[in-house]
Amino acid sequence: MPLKELLDNNRKWVERMEAEHPGFFRKLARQQKPEYLWIGCADSRVPANEIVGMMPGELFVHRNVANLVLHTDFNCLSVLEFAVEVLKVRHIIVCGHYGCGGVTAALSPHRHGLIDNWLRHIRDVYRQHAGEVDALAGEQARIDRLCELNVMQQVRNVVHTTIVQAAWDRGQRLAVHGWIYSVADGLLRDLQVTVKGPDQVDPVYRTE
Ligand code: CO
């Protein structure tokens, strides 16, 4: 697709948006007030806003390979801090997806390069649940289960941050959710690991 087509698409999109919602961009330019922070995979098949029907301005988004939340990643932590302390989002959604390339690579013995250091964190998740994952029949089932387990771990990583725990201590309402998306049918599934307060945080990671 020639690049010009992307710019043409942009103009058509602006016309359509303005026709459907007059003054949309003028209003949006004044402020953003999203209620949700989305932490998802960079995979092109998982476009955050589209799959949850959110308009520009409704979703604050951070995406990286395999939707990881690492305590040494100042990019992700800065997004998290801004979302919680300035935007005051009410929900943080960690969303993984089945068949994730990052998770697949972490399960393979092959060396890929720099990315292996990033994906090492998924190997840690695998090591913790190797019995359960290895007992599954078929590679796809093992990958998909590790995709779910990875989301669950990233939800824990979010609530282990000082950012989220300090927000709760201030009395801020904030829930952290783990979801997984199926690229094959477009459907999201709630993994039922929502954390709504410090009482649900492992005491080892609790700060006050
Ligand atoms: Co992915």
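Residues numbered from 1 in each chain as written. Predicted model: local features only at pLDDT ≥ 70, side-chain atom pairs only at ≥ 80, totals over all residues. Heavy atoms only, no water.

Quick notes on the packing of helix α8 (residues 139-160) against helix α9 (residues 162-169)
- Where α8 contacts α9, the two axes come as close as 5 Å, and the packing angle between them is 60 degrees. Considering their axes alone, α8 and α9 lie oblique with respect to each other. Here Val158, Val159 and His160 of α8 come into contact with α9, specifically with Thr162, Val164, Gln165 and Trp168.
- In the contact of α8 with α9, the residues fall into 4 nonpolar, 3 polar and no charged. (Axes fitted to C-alpha atoms, helices over the stretch in contact; angles between N-to-C directions. Helix = DSSP H or I, 4+ residues; strand = E, 2+ residues; numbered from the N terminus. Parallel < 35°, antiparallel > 145°, perpendicular 65-115°, else oblique. Contact = heavy atoms within 4.5 Å. Nonpolar A, V, L, I, M, F, W, Y, C, P; charged D, E, K, R; others polar.)

Observations regarding the coordination of the cobalt ion
- Protein coordination at the cobalt ion comes from Cys41 (SG), His97 (NE2) and Cys100 (SG), with a distance range of 2.1 to 2.3 Å.
- The sequence pattern describing where the donors of the cobalt ion fall on their chain is C-x55-H-x2-C. Residue cysteine 41 is found in strand β1 (residues 36-41), and its partner histidine 97 is found in strand β3 (residues 91-97); the two are separated by 56 residues along the sequence. Neither cysteine 41 nor histidine 97 differs from the other in exposure class; each is buried. (Donors = N, O, S within 2.8 Å, 3.2 Å for Na, K, Ca; no water. Buried < 20%, exposed > 50% of the residue type's maximum accessible area, 1.4 Å probe, protein only.)

What about the packing of aromatic side chains?
- As enumerated under the stated definition, the model contains 4 aromatic pairs in all.
- Between the aromatic rings of phenylalanine 24 and phenylalanine 25, the centroid separation amounts to 5.2 Å while the plane-to-plane angle is 85 degrees, which identifies the pairing as edge-to-face.
- Residue phenylalanine 24 is classed as buried on the basis of its relative accessible area, which comes to 12%.
- With a centroid separation of 5.7 Å and an interplanar angle of 40 degrees, the aromatic rings of phenylalanine 60 and phenylalanine 82 are classed as tilted. Taken together, the positions of phenylalanine 60 in strand β2 (residues 59-64) and phenylalanine 82 in helix α4 (residues 74-86) put the pair 22 residues apart, joining distant regions of the chain.
- Linked through ring pairs, Trp13, Phe24 and Phe25 together constitute an aromatic cluster. (Phe/Tyr/Trp six-rings, centres within 6.5 Å; stacked < 30°, edge-to-face > 60°.)

Some remarks on unusual backbone geometry
- If you check the backbone angles, alanine 66 has positive phi at about 70 degrees while not being a glycine.
- Looking at the secondary structure, you find alanine 66 in the loop between β2 and α4.
- In this model, glutamine 192 sits at a positive phi of 55 degrees, which is unusual for a non-glycine residue.

Some remarks on the sheet that holds β3
- Ordered by their spatial adjacency, 5 strands build an open sheet running β2-β1-β3-β4-β5, and the pairing between neighbours is mixed. Looking at which strands have only one partner, the edges of the open sheet turn out to be β2 and β5 (188-190). The sheet shows a mean angle of 25 degrees between the axes of neighbouring strands, taken without regard to direction.
- Relative to strand β4 (residues 175-181), β3 is paired through 7 bridges, and the arrangement is parallel. What sits directly across from cysteine 95, in β4, is tryptophan 179.
- Set on the sheet, α8 makes contact with β1, β3, β4 and β5; between it and β4 the angle comes to about 160 degrees. (Pairing = 2+ DSSP bridges.)

Structural notes on the pattern of salt bridges
- Per the stated rule, a full pass over the model turns up 7 salt bridges.
- Residue glutamate 132 pairs with arginine 145 through a salt bridge whose shortest N-O separation is 2.4 Å. Of the two residues, glutamate 132 is situated in helix α7 (residues 130-134) and arginine 145 in helix α8; the sequence distance between them amounts to 13 residues.
- Glutamate 132 gets classed as partly exposed once you look at its relative accessible area, which sits at 37%.
- Salt bridges sharing common partners tie together Glu132, Arg145, Glu148 and Arg189. (Salt bridge = Lys/Arg side-chain N within 4 Å of Asp/Glu carboxyl O.)

Quick look at the pairing of β4
- Of all 7 residues making up β4, 7 are buried, and the element is well covered by its neighbours.
- Taking every second residue as pointing to the same face, both faces of β4 are buried, with Ala175, His177, Trp179 and Tyr181 on one and Val176, Gly178 and Ile180 on the other.
- Note that β4 and β5 share 3 bridges and pair antiparallel. Considered in β5, the bridge of isoleucine 180 is made with arginine 189.

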